[in-house]
Amino acid sequence: MPKAYFMVRAVVEEPLRQKFDHWYSTHHLPMALTEFKAEKCWRFWSAADAGVHYAVYQFPDMTGLDAALKSEGFKGLVADFDQAGPSGVTRTRDKVNLAEERSAQ
């Protein structure tokens, strides 16, 4: 079974970036690992657009990801995000399957 990933893309207005970055790192990401039960996660700031933030959560497969998205924990994460950044932060979500992985030899 291929790994599955849940990606959240947030567009953060410049005056909110530092506060958002701190909140996501110290509060939301640890909460997501506990509540969402992802295998691991990553955060990125776009080098092409300084206001774009990505969070990626890895699951063993799409079945595990789908179960996580139906969980009470996920509902809590959405509510937490909505409460912390309802103005000046927009987001989109996507689910993806790992199609291929290679390593340099």
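A brief structural summary. Here the structure is a predicted model, which is why all the values come from computation and not from measurement.

Cut-off values and rules
All residue numbers here refer to positions counted from 1 along the written sequence of the relevant chain. It should be noted that, the model being predicted, local features are given only for residues of pLDDT at least 70 and side-chain atom pairs only at 80 or more, the latter also being counted only at that level, while totals for whole chains, interfaces and linings use all residues. Think of the side-chain values as coming from all heavy atoms in the structure, minus any hydrogens and water. Stacked, tilted and edge-to-face pairs are distinguished by plane angle, under 30 degrees for stacked and over 60 for edge-to-face with tilted covering the rest, among Phe, Tyr and Trp rings (Trp via its six-membered ring) whose centres lie within 6.5 Å. Where helices and strands are cited, they refer to DSSP runs of H or I of at least four residues and of E of at least two residues respectively, numbered from the N terminus. With a 1.4 Å probe rolled over the protein chains alone, any residue whose accessible area is under 20% of its type maximum counts as buried; one over 50% counts as exposed, and the rest are partly exposed. Take the number of residues in a helix, subtract one, and multiply by 1.5 Å to get its expected span. In what follows, a contact means two residues having at least one pair of non-hydrogen atoms within 4.5 Å. Between any two strands, at least two bridges found by DSSP are needed for them to pair. Only the contacting stretch of a helix is used when fitting its axis, a line to C-alpha atoms as for every element, and angles between N-to-C directions run 0 to 180 degrees. Polar contact criterion, stated in full: a pair of N or O atoms within 3.5 Å, where within protein one must be able to donate a hydrogen and the other to accept it, and residues adjacent in sequence count only if both atoms are side-chain atoms. Every patch collects residues that have over 30% relative accessible area and no salt bridge, joining them within 9 Å if they carry like charges and within 5 Å if they are nonpolar side chains (Val, Leu, Ile, Met, Phe, Trp, Tyr). In this description, accessible areas are obtained by the Shrake-Rupley approach with a 1.4 Å probe, and a residue is regarded as covered only by the protein chains that are shown. Here, a salt bridge means any side-chain nitrogen of Lys or Arg that lies within 4 Å of a carboxyl oxygen of Asp or Glu. By definition in this entry, angles of less than 35 degrees are roughly parallel, angles greater than 145 are roughly antiparallel, angles of 65 to 115 are roughly perpendicular, and the rest are oblique. Note that Gly is not counted as nonpolar here; it falls among the polar residues with everything else outside the nonpolar set of Ala, Val, Leu, Ile, Met, Phe, Trp, Tyr, Cys and Pro and the charged set of Asp, Glu, Lys and Arg.

1. Quick look at the packing of aromatic side chains
Tallied over the entire structure, the rule returns 14 aromatic pairs. Judged by centre distance (5.5 Å) and plane angle (50°), the ring pair of Phe20 and Tyr24 falls under tilted. Of the two residues, Phe20 and Tyr24 are both situated in helix H1 (residues 17–36); the distance of four residues between them amounts to about one turn of the helix. A relative accessible area of 6% places Phe20 in the buried class. An angle of 80° between the planes, with centres 5.8 Å apart, marks the rings of Trp23 and Phe81 as edge-to-face.

2. Quick notes on helix H3 (residues 72–84)
With 13 residues, H3 extends 18 Å from end C-alpha to end C-alpha; this agrees with the ideal 18 Å at 1.5 Å per step. Turning to H3, the residues buried within the fold contact strand E1 (4–12), H1, helix H2 (62–69) and strand E4 (89–97).

3. What about the sheet that holds E1?
Each strand in a sheet pairs with another by means of backbone hydrogen bonds, the pair being arranged parallel or else antiparallel. Within the open sheet, the four strands sit side by side as E2-E3-E1-E4. Their pairing is antiparallel. The open sheet has two edge strands, strand E2 (40–45) and E4, and neither has a second partner. The average angle at which neighbouring strand axes cross in this sheet is 15°, direction not considered. With nine bridges connecting them, E1 and E4 associate as antiparallel partners. The residue bridging Ala10 from the neighbouring strand is Arg91, located in E4. Strand contacts of H1: E1, E2, strand E3 (52–59) and E4, with the helix running at about 165° to E2, the strand carrying the most contacts. Packed onto the sheet, H3 meets E1 and E4 and runs at close to 150° relative to E4.

4. Examining the environment of Asp80
As for its position among the elements, Asp80 is in helix H3. Separated by 49 residues in sequence, Asp80 and Met31 place their C-alpha atoms 9.4 Å apart. If we ignore the near neighbours within four places in the chain, the residues touching Asp80 are Trp23, His27, His28 and Met31. A polar contact is formed between the side chain of Asp80 and the side chain of His27, at a distance of 3.0 Å.

5. Focus: a nonpolar patch on the surface
Together, Trp42, Phe44 and Tyr54 make up an exposed nonpolar region whose accessible area comes to about 270 Å². Along the chain, the position of Tyr54 falls in strand E3. For Tyr54, a relative accessible area of 31% translates into the label partly exposed.

6. Regarding the packing of H1 against H3
Relative to each other, H1 and H3 sit at 170°, their axes nearing to 9 Å. Of the possible angle classes, the one that applies to H1 and H3 is roughly antiparallel. Along its contact with H1, which presents Phe20, Trp23, Tyr24, His27, His28, Met31, Ala32, Glu35 and Phe36, the element H3 presents Gly73, Phe74, Gly76, Leu77, Asp80, Phe81 and Ala84. A class-by-class count of the residues in the contact of H1 with H3 yields 10 nonpolar, four polar and two charged.

Treat this as a map of the structure, not an account of what it does.
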